[in-house]
Amino acid sequence: MTIYYRDDAVQVTSESIRAGGHAVAIADVTYVWHAQGPKTLAVRGRVLGRGVLVLLLSLPPLVAVVCVLSLAWSAQDRGEWQLALIILAGCVVGALALAPFLEIPLGWLDRSYERGSKVHELWVQHHGREVLLLRTPDALRFGQIYRAVQRAVEQYPDS
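Everything in this summary refers to the structure shown in the same document.

What counts, and where the lines are drawn
- Residues numbered from 1 in each chain as written.
- Predicted model: local features only at pLDDT ≥ 70, side-chain atom pairs only at ≥ 80, totals over all residues.
- Heavy atoms only, no water.
- Pairing = 2+ DSSP bridges.
- Helix = DSSP H or I, 4+ residues; strand = E, 2+ residues; numbered from the N terminus.
- Axes fitted to C-alpha atoms, helices over the stretch in contact; angles between N-to-C directions.
- Parallel < 35°, antiparallel > 145°, perpendicular 65-115°, else oblique.
- Left-handed = near helix turned anticlockwise from the far one by under 90°.
- Contact = heavy atoms within 4.5 Å.
- Nonpolar A, V, L, I, M, F, W, Y, C, P; charged D, E, K, R; others polar.
- Salt bridge = Lys/Arg side-chain N within 4 Å of Asp/Glu carboxyl O.
- Buried < 20%, exposed > 50% of the residue type's maximum accessible area, 1.4 Å probe, protein only.
- 1 Å grid on protein atoms, 1.4 Å probe; cavity = no way out; pocket = protein on both sides within 12 Å on 5 of 7 lines; lining within 4 Å.
- Points joined across faces, edges and corners; volume = space filled by probe spheres on them.

1. Quick look at the pairing of strand 1 (residues 3-6)
Here comes step 1: Across three bridges, strand 1 lies against strand 2 (residues 11-13) in antiparallel orientation. Within the sheet, the bridge partner assigned to arginine 6 lies in strand 2 and is glutamine 11.
Here comes step 2: Hairpin remark: strand 1 followed by strand 2, antiparallel, with four residues in the connecting loop.

Dropping the structure here:
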């Protein structure tokens, strides 16, 4: 027996698929497909959180551009370029010192995209009936499970 995928809730082997309270023998599976299910509150929250995070990451550079333009405008009016350049250099050094801390929110943003913004469903045709085996908003996990089921069905001897 070959194990193609296994976690706490799903197990895909060369003999069977166990998921969502169902145990389906690979020999009895005639067709496998996926569908997009209705969005859940968690998925909507993830998309909203992603939008807020993008907004929060976009605001500081926009504010910085406005401040630099304002500083340049006022320096031109007063002719005090030396003070303006010192302030600008200080801001650039501060921004470069804080840049490594962007890793944390950018990591959150990456994980948000990995998890996806849809609900994925895994269906099989088993003894002539359509059976929903799995419903998850986690796109990465769903892709791994779906591919494991495909491999198990493709490599079954009587397929």
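2. Structural notes on the pairing of strand 4 (residues 22-25)
Here comes step 1: The pairing of strand 3 (residues 16-19) with strand 4 spans four bridges and is antiparallel. If you follow isoleucine 17 over to strand 4, its bridge partner there is valine 24.
Here comes step 2: Once strand 3 ends, the chain turns through two residues before running back antiparallel as strand 4, passing glycine 20 with a positive phi of about 55°.

3. Quick word on the packing of helix 1 (residues 41-78) against helix 3 (residues 103-115)
Here comes step 1: At a closest axis distance of 10 Å, the pairing of helix 1 and helix 3 adopts a crossing angle of 150°. With respect to helix 3, the axis of helix 1 lies roughly antiparallel. As for the relative orientation of helix 1 and helix 3, their crossing is left-handed in sense. Residue-level contacts link Arg46, Arg50, Leu53, Val54 and Leu57 of helix 1 to Pro105, Leu106, Trp108, Leu109, Ser112, Tyr113 and Arg115 of helix 3.
Here comes step 2: Across the contact of helix 1 with helix 3, the residue classes tally to eight nonpolar, one polar and three charged.

4. Thoughts on the pattern of salt bridges
Here comes step 1: Inspection of the entire model under this criterion finds three salt bridges.
Here comes step 2: Note that aspartate 7 is salt-bridged to arginine 141, the shortest N-O span being 2.7 Å. In this pair, aspartate 7 is assigned in the loop between strand 1 and strand 2 and arginine 141 in helix 4 (residues 139-154), connecting sequence segments 134 residues apart.
Here comes step 3: Linking glutamate 121 and arginine 135 is a salt bridge whose minimum nitrogen-to-oxygen distance equals 3.1 Å. In this pair, glutamate 121 is assigned in strand 6 (residues 119-126) and arginine 135 in strand 7 (residues 129-136), connecting sequence segments 14 residues apart.
Here comes step 4: Residue glutamate 121 is classed as buried on the basis of its relative accessible area, which comes to 10%.

5. Description of the layout of surface pockets
Here comes step 1: Volume-wise, the largest pocket comes out at about 160 Å³.
Here comes step 2: Contributing to the lining of the largest pocket are Ala64, Cys67, Val68, Leu71, Ile87, Leu88, Cys91, Val92 and Ala95.
Here comes step 3: Here the lining of the largest pocket takes five residues from helix 2 (residues 81-98), the largest share from any one element.
Here comes step 4: Grouping the constituent residues of the lining of the largest pocket by class yields nine nonpolar, no polar and no charged.

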